[in-house]
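Understanding the architecture of this molecule
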Amino acid sequence: MEQTSLREFLLDKSISQNDKAQVLQWVRYSEGILGGKIRLQQGAEELNSYLEKRTFMVGGGLTPADLVIASSLHDFLKGLQITPELQWTLANLLRWYQHIISTHHKSPDHILEIFQRPVFL
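This section reports on the structure supplied with the text. (Residues numbered from 1 in each chain as written. Predicted model: local features only at pLDDT ≥ 70, side-chain atom pairs only at ≥ 80, totals over all residues. Heavy atoms only, no water.)

Here we take up the packing of helix H2 (residues 17-34) against helix H3 (residues 40-50). Helix-helix packing is characterised by the crossing angle of the two axes and by the distance between the axes. Relative orientation of the contacting elements H2 and H3 amounts to 155°, with a least axis distance of 10 Å. With respect to their mutual orientation, H2 and H3 come out roughly antiparallel. Between H2 and H3 lies a crossing of left-handed hand. Between H2 and H3, the residues in contact are Gln22, Trp26, Tyr29 and Ile33 and Leu40, Gly43, Glu46, Leu47 and Tyr50, respectively. (Axes fitted to C-alpha atoms, helices over the stretch in contact; angles between N-to-C directions. Helix = DSSP H or I, 4+ residues; strand = E, 2+ residues; numbered from the N terminus. Parallel < 35°, antiparallel > 145°, perpendicular 65-115°, else oblique. Left-handed = near helix turned anticlockwise from the far one by under 90°. Contact = heavy atoms within 4.5 Å.)

So, in structure tokens, the structure goes:
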């Protein structure tokens, strides 16, 4: 089930505490990317490795983690010249990114706007 906000996701009792904690970790990671604490190239390489055997960031479906990470990498990935070498180096990340963007049907800027709002539980 796809939640429309981080708040909905965190309040959903059918989602495990472990999945919620992982999503919050990825939200913080995206803040590091956007805030410049994590170099984009470094983040892309780490995510590529993490996504090697995963379709989604957390669990078996689309979560706020996927949306916020995809949005935080959008400008970086959009600006890349996809060479055969880069396609090989970041194959998992590029596959995942295309899947998330095509699954969600909203612009990455719209997604970031949603997740930059304060969360009040």
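Another point: the packing of aromatic side chains. Throughout the structure, instances matching the rule amount to 2 aromatic pairs. Here the aromatic rings of Trp26 and Tyr29 are separated by 5.2 Å at their centres, their planes lie at 75°, and the arrangement is edge-to-face. Of the two residues, Trp26 and Tyr29 are both situated in helix H2; the distance of 3 residues between them amounts to about one turn of the helix. For the pair shown, Trp26 and Tyr29 are each scored as buried. When the centroid spacing of 4.8 Å and the interplanar angle of 55° are considered together, the rings of Trp26 and Tyr50 count as tilted. One end of the pair, Trp26, is in helix H2; the other, Tyr50, is in helix H3, with 24 residues separating them in the sequence. (Phe/Tyr/Trp six-rings, centres within 6.5 Å; stacked < 30°, edge-to-face > 60°. Buried < 20%, exposed > 50% of the residue type's maximum accessible area, 1.4 Å probe, protein only.)

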